[in-house]
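The chain contents come next:
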Amino acid sequence: MTPTLYHCRDARSFRVLWMLEELEAEYRLELLPFPPRDRAPGYLELNPLGTIPLFLEGEARMTESAAICHYLATTRGDGRFAIAPGELGYAAYLDALSFGEATLTFPQTLVLRYAMLEDEARRVPQVADDYRQWYLARLRGLEAMLAEADHVAGGRFTAADISVGYALMLAEFLRIGDGGLPRVAAYWERLRARPAFVRAKTAQVQERAA
């Protein structure tokens with residue numbers, strides 16, 4: 001069965017789209033306006049929370065982007081985008097999968113909300129700035145991860161790099177920057193140059209145009 005990904009352009013669901021392209025997997029892309037809970041009310045019948053991503057494949061029904069990437073990496077591609085238990089870097093792989101979302105993306109969502117998405121009267125510049133600084137401070141953890149390797153776990157590209165890489169993509173959109181950290185900047189340049197990343201960016205534009 002061809003999996004279906006419900007996606008908003010450049011939102012967290014981009015992680016899953018990128019993962020699918022790395023795997024060169026078949027998929028069906030349903031592009032929604034952002035935020036879908038307000039602008040695509042019919043979507044609430046599929047996902048009562050109104051969040052994206054929503055990934056459907058047979059009995060699988062998933063809404064957490066990092067978990068979906070891990071699911072795809074462990075069920076497709078002979079495991080080359082995952083690190084297995086017992087393999088060197090397994091703990092670092094699991095940690096980086098969560099680090100990309102819980103540590104890096106979370107503070108950016110508050111910047112997005114209180115600097116851009118709320119009506120002008122409800123914007124809170126102090127909150128946005130505080131969480132911008134929070135994000136930049138936590139990039140020091142990523143800089144340390146990259147001290148002796150080009151990737152965050154196992155010495156090779158995995159779904160964990162997609163989890164972290166999306167946070168760097170979002171930071172670029174929000175104009176937060178990289179905190180002047182050279183290894184983080186070089187890492188992001190490597191990630192964004194990957195053919196699958198480029199294909200994913202193109203796929204979401206083509207889908208919207210169609």
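This one's a predicted model, so the numbers in the text were calculated from it and none came from an experiment.

Colleague: So what exactly am I meant to see when it comes to the pattern of salt bridges here?
Modeller: As a working rule, side chains carrying opposite charge can pair if their charged atoms are close by. The full count for this structure, using the stated rule, is 16 salt bridges. The salt bridge partner of Asp129 is Arg132, with a shortest N-O separation of 3.4 Å. Of the two residues, Asp129 and Arg132 are both situated in helix H5 (residues 125-145); the distance of three residues between them amounts to about one turn of the helix. For Arg132, a relative accessible area of 22% gives the class partly exposed. A salt bridge links Glu143 to Arg183; the nearest nitrogen and oxygen atoms lie 3.7 Å apart. Of the two residues, Glu143 sits in helix H5 while Arg183 sits in helix H7 (residues 182-192), which places them 40 residues apart along the sequence. Among the ionic contacts, a cluster of salt bridges with common partners joins Arg12, Arg15 and Glu101.

Colleague: Which parts of the structure should I look at to understand the packing of helix H1 (residues 14-23) against helix H3 (residues 65-75)?
Modeller: Where H1 contacts H3, the axes come no closer than 9 Å and their chain directions differ by 15 degrees. Comparing the axis directions of H1 and H3 gives the class roughly parallel. Crossing handedness for the pair H1 and H3: right-handed. Of H3, the residues touching H1 (which contributes Arg15, Val16, Met19, Leu20 and Leu23) are Ser65, Ile68, Cys69, Leu72 and Ala73. Residues of the contact of H1 with H3, tallied by class, amount to eight nonpolar, one polar and one charged.

Rules behind the numbers
- Residues numbered from 1 in each chain as written.
- Predicted model: local features only at pLDDT ≥ 70, side-chain atom pairs only at ≥ 80, totals over all residues.
- Heavy atoms only, no water.
- Salt bridge = Lys/Arg side-chain N within 4 Å of Asp/Glu carboxyl O.
- Helix = DSSP H or I, 4+ residues; strand = E, 2+ residues; numbered from the N terminus.
- Buried < 20%, exposed > 50% of the residue type's maximum accessible area, 1.4 Å probe, protein only.
- Axes fitted to C-alpha atoms, helices over the stretch in contact; angles between N-to-C directions.
- Parallel < 35°, antiparallel > 145°, perpendicular 65-115°, else oblique.
- Left-handed = near helix turned anticlockwise from the far one by under 90°.
- Contact = heavy atoms within 4.5 Å.
- Nonpolar A, V, L, I, M, F, W, Y, C, P; charged D, E, K, R; others polar.

Shape descriptors only; they carry no functional weight alone.
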